[in-house]
Amino acid sequence: MTDVIKEIVDYHEAQKSTAVIDLEAAKKWAEISPDIRRKLINNVFCSKCGVTVIVDYVLHNDRFGIVLKGKCKKCGGDVASSIFRTTLMVAFPTYL
Ligand SMILES: [Zn+2]
């Protein structure tokens, strides 16, 4: 019985850890100025709506930069936005 409980606890902890924002990505994201972050959040492409706002997003670290994954504010569909290092370096020259 205790093994079963432990299994459930472990499962929930594993679930929790996947919900935690990628630390590397969070660090990169935090280095971007709030103005630019706002612009990036407000300029995500949705295949249905075109340019939209991303909501409920999570950050993923990528070797090319950061990936934002979330929902379109207008239709609720899945959207993702890759923020490439080059984009960041142009927008924010002291980055990296
Ligand atoms: Zn949409």
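Computed from a predicted model, the values in this text were never measured in an experiment.

Asks: Explain the sheet that holds strand S5 (residues 78–84) to me, and be specific about the residues and the numbers.
Replies: Strands in a sheet are paired, the pairing made by backbone hydrogen bonds, and the direction either parallel or antiparallel. Read across the open sheet, the three strands follow the order S3-S4-S5; overall the sheet is antiparallel. Unpaired on one side and paired on the other, strand S3 (54–62) and S5 mark the two borders of the sheet. For this sheet, the mean inter-axis angle between neighbouring strands, taken without regard to orientation, is 20°. Sheet topology places strand S4 (residues 65–72) next to S5; seven bridges connect them, and they run antiparallel. Considered in S5, the bridge of Leu 68 is made with Ser 81. Where helix H2 (residues 23–31) meets the sheet, it contacts S3 and S4, and its direction lies at approximately 110° from that of S3.

Asks: Outline the confidence of the model for the protein chain, listing residues and values.
Replies: When pLDDT is low, close inspection of the predicted coordinates is not appropriate. Taken over all residues, the pLDDT of the protein chain has a mean of 79, while the share at 70 or more is 73%. Within the protein chain, the element-level pLDDT minimum falls on helix H1 (residues 2–19), averaging 64, and the maximum on strand S2 (residues 50–52), averaging 94.

Asks: Hey, could you go over the nonpolar core for me, with residue numbers and the actual values?
Replies: Judged by nonpolar contacts, Val 44, Cys 46, Ile 54, Leu 59, Ile 66, Leu 68, Cys 72, Val 79 and Ile 83 together constitute the single largest core of nine residues. Listing elements by their share of this core, those giving two or more residues are strand S1 (44–46), S3, S4 and S5. When residues of this core are assigned to their parent elements, the largest contribution, three residues, is made by S4.

Asks: Outline the pairing of S4, listing residues and values.
Replies: As paired elements, S3 and S4 share seven bridges and run antiparallel to each other. Note that in S4 the partner of Leu 59 across the bridge is Leu 68.

Cut-off values and rules
Once a new chain begins, its residue numbering starts again from 1 and follows that chain's sequence as written. The model is predicted, so local features are restricted to residues of pLDDT at least 70 and side-chain atom pairs to those at 80 or more, both for listing and for counting; the totals for chains, interfaces and linings are taken over all residues. A strand pair is defined by DSSP finding two or more bridges across the two strands. Secondary structure elements follow DSSP: runs of H or I no shorter than four residues count as helices, runs of E no shorter than two count as strands, and numbering proceeds from the N terminus. For helices, the fitted line uses only the C-alpha atoms of the stretch in contact; every axis is such a line through C-alpha atoms, and the angle between N-to-C directions lies from 0 to 180 degrees. Contact between residues is assigned whenever the C-beta positions, reconstructed from backbone atoms, fall within 7 Å. Per-residue confidence from the predictor is reported as pLDDT, a score between 0 and 100. In this description, a nonpolar core means buried residues of the types Ala, Val, Leu, Ile, Met, Phe, Trp, Tyr and Cys, linked to one another by C-beta atoms lying within 7 Å. Counts of 20 or more other C-beta atoms within 10 Å of a residue's own C-beta define buried residues, counts of 12 or fewer define exposed ones, and intermediate counts define partly exposed ones; C-beta atoms are placed from the backbone.

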